[in-house]
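These are the residues of each chain, in order.
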Amino acid sequence: MSYVALYRKFRPDSFDEVKGQEPIVQALRNQILYDHVGHAYLFCGTRGTGKTTLAKLLAKTVNCEHPVNGNPCGECESCKAVASGRSTNVIEIDAASNNGVDNVRRINEAVQYSPASGKYLVYIIDEAHMMSPGAFNALLKTLEEPPAHVIFILATTNDQKIPITIQSRCQRYNFHRISVETIAARLSDLMKRENVDVEEEAIRYIARAADGSMRDGLSILDECISSSLGEKLTFENVLRTVGAVDIDVYVKLIRALQNEDVEAILDLINESVWQGRDLTKYVDDFIWFLRNMYFLKLSPNLAEELDLTKEDASIVASLGEEVGTKTITWYIQQMQALSADIRYSTIKRVTLEMGMLKLMHPETEQNFISLASRLEKLEAKVARVDADMKNIKANGVVVSSASANGIAASSVESSMSPEEESKAIQENLKAKYPPAVYEELIALAQDWKSKVIYSIQKPARDFLMDASIAPDENFKDQNDVPSLKLVYTYPANAHAPKGLVYYENPKNLERLENMVSELIQKQVHFKVEARKTGSADGIDMQFDALNKIHFDDIVIEDE
């Protein structure tokens, strides 16, 4: 005999075996026990929650010759006929392909005749919402006043499309999604019956992936068993089979986003692609990961309700301490939009990569959430730098703010003042690198974006975007080193650009000099120039309040 899928093999044959819909089971069983069976039922709910199963059980039980405590006996001729699909008393109709007026007219004609055996003719109309308006109208009169020997059961996943005139003539039962615990318990029980060795963690993941559908859970389990025949079904095997991603990948992804590590993000995506992961599921699971991280950040006691193991909850909660709530909100909003886009994308990998890179740059969006996320990330960076500096000072070493932006700093005694430390760093650079000559500054200005802009970290990078760069032919500093000019051009009546305000602060300008010197391994000096032109007419003044921010305040001062 050919193999029978698990969801078919273990379809419940009594009300006792139906899991996750106990209130509905109890109501139907009571109707049978007390001879209070209705003439029309409407079963509503998402896929795989037991609508068709309970419809068949009801049809089987009302015709059973010897029901036992509201359950079909399974031994009489009627029960055997229904179980084998040869009963003339139970008629299943797929409304997706039999949805016309003529189909319903044939039903109306057939119900006039009493069943040859048994008590009731039971019509199970699956996907009832697919019926045409004419078919519903044709069914309406029969549904309202059916013969005493007829029962109609309509099952649908979209009750909004069922006319209210039909709904009002039926007993309506709403089938809810089945809990993860219930699905996991059912799957574990079936695996014991099948003598399949499976890890509990694997069962739990399949139960979560089923998304409230018992049938989906059984189908996923069937697929995973097939890929691991002859060996133990492990959590890793399940991840590989369903194309899912382990939680560790999302932990690394969050940290890469926080550190703005483009290379790490692309490596993680590349690894998942080559492992055959489903990128649509990759995004959906990441949204669930962010959701869990958000709720654990709000309340660490929610681990059990979020269906996380103690180990995973600890990891996610710890990671949430590193990320602000506004940033997580920003991530979730963007990933929800990406989830919709990637489903219809013909180049899913590129869509995913661009979506992930966008998460690192909330400045590309002009709304409150993105602005709050940017400020939150900036505050976090400042806090980390401050903590690092305190830690280093406690060990007898002082690192300047230049080193906080990726520049290697010299170790100096903690007793030095900030001015003495800055002088020491400058002397170190002079000893380490020769001065840049004029021709080298011209070459640097020509490749300014590729060599500098995209190589330094924020906020220095952002404040350079609006400046033009050029070697200064007339100016040389006290050490006779040629300099570069940062030129900010703006209307006379407008606020000064943020970059101009930022780099007019000597400490910020010195930091930029240190960073660029380290990048090209030559001493480079800068000066800032402001050029006002025309008026501010026609300029979008939407962000005037932001332009008034004194960016001197965000300079990281050494203690």
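Every value quoted in this text rests on a predicted model; they were computed, and no experiment measured them. (Residues numbered from 1 in each chain as written. Predicted model: local features only at pLDDT ≥ 70, side-chain atom pairs only at ≥ 80, totals over all residues. Heavy atoms only, no water.)

Asks: How would you explain the overall build of the protein if you had to name every residue and give the values?
Replies: When helices and strands are counted, the protein shows 26 helices and eight strands. Buried residues in the protein amount to 47% of all 559 residues. Across the protein, contacts joining residues at least 24 apart in sequence account for 73% of those joining residues at least 6 apart. By element, 49% of the accessible surface of the protein is carried by carbon and sulfur atoms, the whole surface being about 28,700 Å². (Helix = DSSP H or I, 4+ residues; strand = E, 2+ residues; numbered from the N terminus. Buried < 20%, exposed > 50% of the residue type's maximum accessible area, 1.4 Å probe, protein only. Contact = heavy atoms within 4.5 Å. Areas by Shrake-Rupley, 256 points an atom, 1.4 Å probe, with all protein chains shown as cover.)

Asks: So, the environment of Phe463: which residues are in play, and what are the values?
Replies: Of note, Phe463 is situated in helix 23 (residues 460–464). Classification of Phe463 by relative accessible area gives buried; the value is 8%. Residues Phe463 and Val501 lie 38 residues apart in sequence; the distance between their C-alpha atoms is 9.1 Å.

Asks: Please provide a residue-by-residue account of a nonpolar patch on the surface, values included.
Replies: On the surface, a cluster of nonpolar side chains totalling about 270 Å² of accessible area is made up of Ile347, Val350 and Met354. The topology assignment puts Met354 in helix 17 (residues 348–359). (Patch = residues over 30% accessible without salt bridge, like charges linked within 9 Å, V, L, I, M, F, W, Y side chains within 5 Å. Salt bridge = Lys/Arg side-chain N within 4 Å of Asp/Glu carboxyl O.)

Asks: A description of helix 13 (residues 262–274) should follow, citing residues and the corresponding values.
Replies: For helix 13, which comprises 13 residues, the first-to-last C-alpha distance of 18 Å matches the rise-based estimate of 18 Å (1.5 Å per residue) to within 8%. Those residues of helix 13 not exposed but buried are Ile265, Leu268, Ile269 and Ser272. The arc enclosing the buried residues of helix 13, seen along the axis, measures out at 95 degrees, which places them on a common side. Of the residues in helix 13, the exposed ones pointing more than 90 degrees away from the buried face are Glu263 and Trp274. Among the structural elements, helix 12 (247–258), helix 14 (279–298) and helix 17 are those in contact with the buried residues of helix 13. The opening residue of helix 13, the one whose side-chain oxygen lies 3.4 Å from the backbone nitrogen of Glu263, is Asp261. (Expected span 1.5 Å × (residues − 1). Arc of directions from axis to C-beta. Polar contact = N/O pair within 3.5 Å; in protein donor to acceptor, adjacent residues only side chain to side chain.)

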